[in-house]
Amino acid sequence: NCLSPSAASDDRGGTSVYATYVAAQVASQEERKRSFEQRGLAVITTSGVLVSLLFGLTSVLTGAVGYHLPHGSRGWILAALVCFVVAAIAAILTNLPLNYSGVTADALKKAIDERWGDSAAEAEREVALTEVTVIRRAKARNRLKGRALIFAIAAEIVAILCLAVAVA
């Protein structure tokens, strides 16, 4: 038997285990959301810095006496600029305040009014079912943020490659 003596003698069964697990999943989705948002801000920052460097480099090169930017480089520089802008926009989308489902004050009041006398197991079950709904919505919203972040990073990589070709 792999149960500890205290767990084996717990007369509540697995309810507290499940309740703890579900609550941890809610916290995990919140952390995942924050992580996407922070990484999105990092992409915005790096894209901004790289665009600034791109403009600075272009100004220096085109302002040099007798220097003409090779015609072939212009298209690559423009493509890099467009990709950096796309990366920044996609990264901004990771911070879009999406509607994450939470428990409303009215729903809490209703639960208190109608279910206050529930047993501990019944209460834990109701809370867990509510948290599962929250998790489902959070996962869907986080999936959108994750896709936006992947797109932002991919656009930034393409922009850097375009710059490399332009410079070469």
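Remember, it's a predicted structure, so these values are computed and weren't measured experimentally.

Things to note about the confidence of the model for the protein chain
Detailed conclusions should not be drawn from predicted coordinates in areas where pLDDT is low.
Here comes step 1: Per-residue pLDDT for the protein chain has a mean of 83; in total, 90% of the residues score no lower than 70.
Here comes step 2: Considering each helix and strand of the protein chain separately, the mean pLDDT is smallest for helix α1 (residues 5-8), with a value of 45, and largest for helix α5 (residues 120-167), with 90.

As for helix α3 (residues 71-93)
Here comes step 1: Taking 1.5 Å of rise per residue, 23 residues should cover 33 Å, and α3 covers 34 Å from first to last C-alpha, within 8% of that figure.
Here comes step 2: S73, I77, A80, C83, F84, A87, A88, A90 and A91 are the residues of α3 that are buried.

Re the packing of α3 against α5
Here comes step 1: Two elements in contact, α3 and α5, have axes separated by 8 Å at closest approach and are oriented at 165°. Considered as vectors, α3 and α5 are oriented roughly antiparallel to each other. Both α3 and α5 take part in a crossing whose hand is left-handed. Side by side, α3 and α5 meet where S73, W76, I77, A79, A80, C83, F84, V86, A87, A90, A91 and L93 of the first sit next to A148, F151, A152, A155, E156, V158, A159, I160, C162, L163, V165 and A166 of the second.

Re the environment of Y100
Here comes step 1: With respect to the helices, strands and loops of the structure, Y100 is situated in the loop between α3 and α4 (105-115).
Here comes step 2: Taking C-alpha positions, Y100 is 9.4 Å from K139, a pair spaced 39 residues apart along the chain.
Here comes step 3: Aside from chain neighbours lying at most four places away, what touches Y100 is K33, R137, A138, R141, N142 and K145.

Structural notes on the side chain of Q29
Here comes step 1: Counting through the fold element by element, Q29 comes out in helix α2 (residues 15-63).
Here comes step 2: If we skip the residues at most four places from it in the chain, Q29 touches I135, A138, K139 and N142.

Rules used in this analysis
- Residues numbered from 1 in each chain as written.
- Predicted model: local features only at pLDDT ≥ 70, side-chain atom pairs only at ≥ 80, totals over all residues.
- Heavy atoms only, no water.
- pLDDT = per-residue confidence, 0-100.
- Helix = DSSP H or I, 4+ residues; strand = E, 2+ residues; numbered from the N terminus.
- Expected span 1.5 Å × (residues − 1).
- Buried < 20%, exposed > 50% of the residue type's maximum accessible area, 1.4 Å probe, protein only.
- Axes fitted to C-alpha atoms, helices over the stretch in contact; angles between N-to-C directions.
- Parallel < 35°, antiparallel > 145°, perpendicular 65-115°, else oblique.
- Left-handed = near helix turned anticlockwise from the far one by under 90°.
- Contact = heavy atoms within 4.5 Å.

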